[in-house]
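Structural overview
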Amino acid sequence: VGCLTARGDGRYADCWSDLTYGRAPVTCFTSLPPAPGDGLFLGFGASLAGNVIRLDVEVDDIRGVGIDPSRPPLQWEVWSGVAWIRARCLSDNTGGLNRSGAVVLVIPRRHSHLALGDGTTGGQRSSWWLRVSLQPSSDGQPTYSTSPKVRKLKASSLGGVVDAQHARFVGTESLGTSEIGRA
């Protein structure tokens, strides 16, 4: 129910209409050139906690120039109520949002509601947010010289994760004696 872009300096722009109605492709990282901390925020009407989410992404040609598509400097995260925490990426065949494809994420079991926005672009939007943010490059990893642009995005749940254990509690029980150490 929402889509925002944000610069590392905290300026937000609402791009929901562009993404929803196909008015224009959404520039994911809006600083010129893209800078660490820039992000694309996807808002949902309910918590995604514990879900495995597939994002089908359609991009506007190859725009995210400069990166190694096999290891893009991106991080997917959700708001936990206290901090942004990593969503585990199971697969990403988009080459860092440079090709149309799919990103599959495991959403942590803590995913909280948050109001985002800076008040200059229509106020704040409250939602359960999933963000992809540009990270500082490391170990010779190249970064974007221009931002990728997303034309369409569709999210679907592939299932969920739960705590499980294959065991049962047994009270005091003698298991026998050991012969180890006896001569």
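This section reports on the structure supplied with the text.

Cut-off values and rules
- Residues numbered from 1 in each chain as written.
- Predicted model: local features only at pLDDT ≥ 70, side-chain atom pairs only at ≥ 80, totals over all residues.
- Heavy atoms only, no water.
- Helix = DSSP H or I, 4+ residues; strand = E, 2+ residues; numbered from the N terminus.
- Rg over C-alpha atoms; globule rule 2.2 N^0.38 Å.
- Buried < 20%, exposed > 50% of the residue type's maximum accessible area, 1.4 Å probe, protein only.
- Areas by Shrake-Rupley, 256 points an atom, 1.4 Å probe, with all protein chains shown as cover.
- Lys, Arg positive; Asp, Glu negative; His and termini not counted.
- Charge placed at Lys NZ, Arg CZ, Asp CG, Glu CD.
- Pairing = 2+ DSSP bridges.

**Overview of the overall build of the protein**
The helix and strand inventory of the protein stands at one helix and 12 strands. On C-alpha atoms alone, the protein measures out to a radius of gyration of 21 Å, which is more than a quarter above the 16 Å that the 2.2 N^0.38 rule sets for 183 residues. Residues classed as buried in the protein amount to 38% of the 183 residues present. Accessible surface, the protein: about 10300 Å² in total, of which carbon and sulfur atoms supply 51%. Taking the 19 positively charged and 16 negatively charged side chains of the protein as two groups, their mean positions are separated by 3 Å.

**Concerning the pairing of strand S11 (residues 125-134)**
When you tally the buried positions in S11, you get seven out of 10 residues, the bulk of the element. Direction of pairing for strand S4 (residues 39-44) relative to S11: antiparallel, over a ladder of six bridges. Each residue of the ladder has a partner; that of Leu42, found in S11, is Leu130. By the bridge criterion, five bridges tie strand S6 (residues 74-79) to S11 in an arrangement that is antiparallel. Within S11, the position partnered with Glu77 by the bridge is Arg131. Taken together, the four bridges between strand S10 (residues 113-116) and S11 define a ladder with antiparallel strand orientation. Paired with Ala115 across the two strands is Ser126, which belongs to S11.

**Section: the sheet that holds strand S12 (residues 149-160)**
Taken in spatial order, the five strands line up as S3-S12-S5-S9-S8 in an open sheet, and their pairing is antiparallel. The open sheet has two edge strands, strand S3 (26-27) and strand S8 (88-92), and neither has a second partner. When strand S5 (residues 51-59) meets S12, the two strands line up antiparallel, connected through nine bridges. Within the sheet, the bridge partner assigned to Asn51 lies in S12 and is Gly160.

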